[in-house]
Amino acid sequence: MEVKKYIGEDTQDALAKLKKDLGSEAVILNTRTIRQKGFLGFFKKPVVEIIAAKDNSHKKINKIKREEGISDINSELRALRNLVEDMAFKSNNTGETFNVNLEKYRRILVNNGVNYKIATSIIKTIDEQINIKEKTEEEVKKIIEFNLKESLGRVEPIDIECIPKIIFLIGPTGVGKTTTLAKIAARLIIDKNYDIGLVTTDTYRIAAVEQLKTYSEILELPVKVVYQSDEMYKAVAELKSKDIILVDTAGRSHKDEFQMKETKKLIDSVNNKEVFLVLSATTDFITLESIINQYKFIDDYKIIFTKLDEANGYGNILNAKFCTDNPLSYFTTGQDVPDDIEKVNVGKVVEHLIEEN
C-alpha cells in the first residue's frame, strides 16, 4: 500500500495533485485544513492537506482477482442459502396446497424472483378470503392483479410541492447512487426547470467525486464536497438559494454500525429533507432483507430500485415491500442520463410479476 500526503492552496488543488500522482482510484484516508506558520500566525492563508493511499499495481490486480473470486463464491453461497431456505419452508408446509389456479400463480411469482414465503403468504390470503372455486381463470387473474397492486402500495416520487428541500440518496456501495442522482437532477431541470445544487459526501474514493463533478459540469450545476458531517452546514449555506439540493452519500456497508451512525448524523444535520434508499434489483433476497433491516434507524424514506434491466425479474420490488412499509418511488433501467429513470408504474410491475416465462 502506497500512502502519500498532498498539500494544496484549497481542496481542488490538493485533489488535482493527488489524482495526477496516484490516479482516480486512490483512496482518501484523511482531509484537514492546516494554518501555516507565519509572523504571529498572520498573513499566511490556510492550506488543505489530504492523505491518500493506493495499492501497487500488481497487488491491486491480485486483490481484484481475489475479490472477484470471493464475490463469485459469495453469490453461489447466497443462492444455495436461498434454495435451502425455500426447501426448508416447503418441507414444513407440505400440507399447504391451493386451488390449481392459485398454485399456478404462486409458481409464476417465485419464478419471477418473489421469495417463496412471500408468494405463499399472498396466495394464502387470497385463498382464505375468496371462494376461488366459483371463479373463472380470468377472474382469478384479476384477483391476483388487484392483490399485488395493493401489496405494492402507493408510489411517492419527490415531493416538489414543498421547496426548498434537501434530498439524500443513501444505500450500500455499488447500487448506482451517483448515476441515479444525476438522472434525478437532469429530470428536475428539464421537466420542471428547478434550480438545483449538488453535494457529495462520498469522499472515500476520488473517482466518486470526479464522477459527480463531471455530471455537474454537463448539467451546469454547482457541486460542493463535504468531507465531514459537520461541513454539511457550510455546503447548505452556500447553496441556500437553490430550490433543491441533492446529496450523494458514500456507499456504506450495511453491516458497519459506525458507518450507519455517520449516515444518520449527516441526515439529522438538516431539516426539510427527503431520504431515498437506493437498492439494486439484482440483490439476492437474504442480502436485501439484511440491508432493509439495517436502515430501520431512519424514520422515513422512499425506495428507488436500480439495475432493473440486469435483474432476472421484478420480484425484489415486491419482496422489499413485504420487508418494509415504505413507499416505492423510482426505478432505473440503464446507465443513460437522464433517460433511464422513471416513476414506478405499479401496473407495469404487476404485469411482469405474473408474466409466464
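Worth saying up front: this structure is predicted, and the values here are computed from it rather than measured.

### Focus on the sheet that holds strand S6 (residues 223–225)
For step 1, the next point in the chain: Taken in spatial order, the eight strands line up as S6-S5-S7-S4-S8-S9-S10-S11 in an open sheet, and their pairing is mixed. The sheet terminates laterally at S6 and strand S11 (341–343), the two strands that pair on one side only. Neighbour-to-neighbour, the strand axes of this sheet turn through a mean angle of 20 degrees, independent of strand direction.
For step 2, the next point in the chain: Note: strand S10 (residues 328–332) against S11, three bridges, orientation antiparallel. Within S11, the residue paired with tyrosine 330 across the bridge is lysine 343.
For step 3, the next point in the chain: Packed onto the sheet, helix H6 (residues 177–192) meets strand S4 (165–170), strand S5 (196–200), strand S7 (244–248), strand S8 (273–280), strand S9 (302–306), S10 and S11 and runs at close to 165 degrees relative to S7.

### So, the packing of aromatic side chains
For step 1, the next point in the chain: Tallied over the entire structure, the rule returns three aromatic pairs.
For step 2, the next point in the chain: An angle of 40 degrees between the planes, with centres 6.3 Å apart, marks the rings of phenylalanine 276 and tyrosine 330 as tilted. Of this pair, phenylalanine 276 sits in strand S8 while tyrosine 330 sits in strand S10; the two residues are 54 residues apart in sequence, bridging distant segments of the chain.
For step 3, the next point in the chain: Ring centres of tyrosine 314 and phenylalanine 331 lie 6.3 Å apart, and the angle between their planes is 85 degrees; this geometry places the pair in the edge-to-face category. Here phenylalanine 331 lies in strand S10 and tyrosine 314 lies in the loop between S9 and helix H11 (315–323), a separation of 17 residues in the sequence.
For step 4, the next point in the chain: When its relative accessible area of 12% is taken as the criterion, tyrosine 314 is described as buried.

### A few points about the confidence of the model for the protein chain
For step 1, the next point in the chain: Here the protein chain shows a mean pLDDT of 82. Residues at 70 or above account for 80%.
For step 2, the next point in the chain: A low-confidence stretch, residues 57–65 (pLDDT under 50), is modelled with five contacts involving residues beyond four sequence positions or located in other chains.
For step 3, the next point in the chain: Note on residues 91–95: pLDDT under 50 across the span, and zero contacts to partners over four residues away in sequence or across chains.

### A short note on helix H3 (residues 100–111)
For step 1, the next point in the chain: Taking 1.5 Å of rise per residue, the twelve residues of H3 would be expected to cover 16 Å, and the 17 Å separating its terminal C-alpha atoms lies within 8% of that figure.
For step 2, the next point in the chain: On its buried face, H3 is in contact with helix H4 (116–129), helix H5 (137–152) and helix H12 (346–353).

### Concerning the pairing of S8
For step 1, the next point in the chain: Of all eight residues that make up S8, seven are buried, and the element is covered over most of its length.
For step 2, the next point in the chain: Pairing geometry for S4 and S8, over five bridges, is parallel. By the bridge assignment, isoleucine 170 is partnered in S8 with leucine 277.
For step 3, the next point in the chain: Bridge count for S8 against S9 is five bridges, and the pairing is parallel. Following the sheet pairing, leucine 277 is matched in S9 by isoleucine 303.
For step 4, the next point in the chain: For the segment spanning S8, helix H10 (residues 285–294) and S9, crossover handedness is right-handed.

### Some points on the side chain of threonine 180
For step 1, the next point in the chain: By the element assignment, threonine 180 lies in helix H6.
For step 2, the next point in the chain: Owing to a relative accessible area of 1%, threonine 180 belongs among the buried residues under this scheme.
For step 3, the next point in the chain: In this view, threonine 180 contacts Leu169, Ile304, Thr306, Thr332 and Ile341; residues no more than four positions away in its chain are not counted.

### Considerations on the nonpolar core
For step 1, the next point in the chain: Within the largest apolar cluster, 58 residues are counted, with the highest numbers of intra-cluster contacts made by Ile144, Leu148, Phe168, Met232, Phe305 and Ile317.
For step 2, the next point in the chain: Residues within four places of leucine 148 in sequence aside, it is in contact with Leu109, Ile122, Leu318, Val350, Leu353 and Ile354.
For step 3, the next point in the chain: Among the nonpolar cores identified, the runner-up in size contains 20 residues, and Leu181, Leu246, Phe276 and Val278 belong to it.

### Observations regarding the pattern of salt bridges
For step 1, the next point in the chain: Within this structure, the stated rule accounts for 13 salt bridges.
For step 2, the next point in the chain: Its salt-bridge partner being lysine 165, residue glutamate 274 comes within 2.5 Å of it at the nearest N-O pair. Taken together, the residues glutamate 274 in strand S8 and lysine 165 in strand S4 connect sequence positions 109 residues apart.
For step 3, the next point in the chain: Of the residues examined, glutamate 274 reaches a relative accessible area of 8% and is grouped as buried.
For step 4, the next point in the chain: Across the pair lysine 224 and glutamate 238 runs a salt bridge, and its minimum N-O distance is 3.5 Å. Taken as a pair, lysine 224 in strand S6 and glutamate 238 in helix H8 (residues 232–238) lie far apart in primary sequence, 14 residues in all.
For step 5, the next point in the chain: Judged by its relative accessible area of 26%, lysine 224 falls in the partly exposed class.
For step 6, the next point in the chain: When salt bridges that share partners are traced, they join Arg154, Glu156, Lys165, Glu274 and Lys302 into one network.

About the cut-offs
- Residues numbered from 1 in each chain as written.
- Predicted model: local features only at pLDDT ≥ 70, side-chain atom pairs only at ≥ 80, totals over all residues.
- Heavy atoms only, no water.
- Pairing = 2+ DSSP bridges.
- Helix = DSSP H or I, 4+ residues; strand = E, 2+ residues; numbered from the N terminus.
- Axes fitted to C-alpha atoms, helices over the stretch in contact; angles between N-to-C directions.
- Contact = heavy atoms within 4.5 Å.
- Phe/Tyr/Trp six-rings, centres within 6.5 Å; stacked < 30°, edge-to-face > 60°.
- Buried < 20%, exposed > 50% of the residue type's maximum accessible area, 1.4 Å probe, protein only.
- pLDDT = per-residue confidence, 0-100.
- Expected span 1.5 Å × (residues − 1).
- Right-handed = clockwise from strand over helix to strand, strands pointing away.
- Core = buried A, V, L, I, M, F, W, Y, C linked by side-chain atoms within 4.5 Å.
- Salt bridge = Lys/Arg side-chain N within 4 Å of Asp/Glu carboxyl O.

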